[in-house]
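Residues per chain are reported as follows:
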Amino acid sequence: MKYIMSQLPYEYNALEPYIDARTMEIHLTKHHQAYINNLNLVLEKNPKIADKKLESLIENLDSLNLNDKDKIMIKNHGGGHLNHSFFWQVMAPKKAIDEKLIGEIKKEYGSMDEFKALFKQTALSRFGSGWAWLVRDKNSKFAVYSTPNQDSPHLQGHTPIIGIDVWEHAYYLKYQNKRDEYIDAWWHVLKLV
Ligand code: MN
């Protein structure tokens, strides 16, 4: 097996009460694990690309010598693995504030409140399943946007800085249909800001 689940840097219940332990456990052991398993299946079928860095496979998806079905598998399940690995890392039970990043965000968006309002609106306006992101583009400039499904910012050569999973599986047990309450709570467990 090429890809395996990394050890979560905290316990399943470490993000309580904002994200409950049961949601964390199912999210990681069922949803994220399924992306890893399916990614490994498509890489087993295509050993020529199996050693390439996943970010680079996703960024160069169009030019890969793969059939369309396998490209979609890489986009969905490779994206799913990258997105979730990133998501577990941006969250933490204790803040590790990055003052430099906060300074840059304030410079770009006016204030943290204005940034958060934009980010939240972007996350709320994703219809169906997907993600909201703060990324740096190829010129290191910030952008806030949402992607559908498991589409990774790396598809556009962008580097994620902050990202929130707004698939219902990320919040339904605790928040049901109240995505806005989940987003408000999520800032408490976001490590850097
Ligand atoms: Mn998810």
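Residues numbered from 1 in each chain as written. Predicted model: local features only at pLDDT ≥ 70, side-chain atom pairs only at ≥ 80, totals over all residues. Heavy atoms only, no water.

> Pulling in residues and values, what's your account of the sheet that holds strand E2 (residues 142–148)?
The strands making up a sheet associate through backbone hydrogen bonding, with each pair oriented either parallel or antiparallel. What the 3 strands build is an open sheet, ordered E2-E1-E3; its pairing is antiparallel. Strands with a single pairing partner mark the edges of an open sheet, and in this sheet they are E2 and strand E3 (159–165). With direction set aside, neighbouring strand axes in the sheet form an average angle of 25 degrees. Across 7 bridges, strand E1 (residues 130–136) lies against E2 in antiparallel orientation. Its bridge partner lying in E2, Leu 134 is registered against Val 144. (Pairing = 2+ DSSP bridges. Helix = DSSP H or I, 4+ residues; strand = E, 2+ residues; numbered from the N terminus. Axes fitted to C-alpha atoms, helices over the stretch in contact; angles between N-to-C directions.)

> Can you tell me about the domain arrangement of the chain, naming the residues and giving the values?
Entries for the chain in the domain assignment read domain 1 (20–90) and domain 2 (99–186). Computed from C-alpha atoms alone, the centre-to-centre distance between domain 1 and domain 2 is 20 Å. Domain 1 puts 21 residues into the contact, and the matching count from domain 2 is 24 residues. Taken over both partners, the interface formed by domain 1 and domain 2 buries close to 1,700 Å², and the fraction arising from carbon and sulfur atoms is 63%. The largest per-residue losses of area from domain 1 upon contact with domain 2 belong to Asn 83, Phe 86 and Phe 87, which jointly make up 31% of the total buried on that side. On inspection of domain 1 and its partner domain 2, the count reaches 2 salt bridges. The residue Asp 151 makes a salt bridge to Lys 75 at a minimum N-O spacing of 3.8 Å. Seen at the junction of domain 1 and domain 2, the total is 6 residue pairs in polar contact (both at pLDDT 80 or more). Those elements that provide at least two residues to the side of domain 1 that touches domain 2 are helix H1 (21–45), helix H2 (54–59) and helix H3 (68–90). Considering each element in turn, the side of domain 1 that touches domain 2 owes the most residues, 10 residues, to H3. Broken down by class, the residue content of the side of domain 1 that touches domain 2 amounts to 8 nonpolar, 8 polar and 5 charged. (Domains from an automatic or database assignment. Contact = heavy atoms within 4.5 Å. Buried area = accessible area lost by both parts, 1.4 Å probe. Salt bridge = Lys/Arg side-chain N within 4 Å of Asp/Glu carboxyl O. Polar contact = N/O pair within 3.5 Å; in protein donor to acceptor, adjacent residues only side chain to side chain. Nonpolar A, V, L, I, M, F, W, Y, C, P; charged D, E, K, R; others polar.)

> Before we move on, could you go through the coordination of the manganese ion and cite the residues and values that matter?
Around the manganese ion, the protein contributes the donor atoms His 27 (NE2), His 84 (NE2), Asp 165 (OD) and His 169 (NE2), which lie 1.9 to 2.1 Å from the metal centre. Between consecutive donors of the manganese ion, the numbers of intervening residues give the motif H-x56-H-x80-D-x3-H. With His 84 in helix H3 and Asp 165 in strand E3, this residue pair connects regions lying 81 residues apart in the sequence. By relative accessible area, His 84 is classed as buried at 0%. (Donors = N, O, S within 2.8 Å, 3.2 Å for Na, K, Ca; no water. Buried < 20%, exposed > 50% of the residue type's maximum accessible area, 1.4 Å probe, protein only.)

> Kindly report on unusual backbone geometry, identifying the contributing residues and their values.
That bond from Glu 16 to Pro 17 is cis: its omega, 0 degrees, falls within 30 degrees of zero. Inspection of the secondary structure puts Pro 17 in the segment before H1. Even without glycine at this site, Asn 149 takes up a positive phi of about 55 degrees. Inspection of the secondary structure assignment puts Asn 149 in the loop between E2 and E3. Judged by relative accessible area, Asn 149 falls into the partly exposed class, the value being 40%.

> Would you mind going over the side chain of Asp 20 in detail, with residue names and values included?
With respect to the helices, strands and loops of the structure, Asp 20 is situated in the segment before H1. For the buried residue Asp 20, which engages in no salt bridge, the nearest side chain bearing the opposite charge is Lys 174, 6.0 Å off. Only 2.7 Å separates the side chain of Asp 20 from the side chain of Thr 23, close enough to count as a polar contact. Those residues in contact with Asp 20 that sit more than four places away from it in its chain are Tyr 12, Leu 173 and Lys 174. (Lys, Arg positive; Asp, Glu negative; His and termini not counted.)

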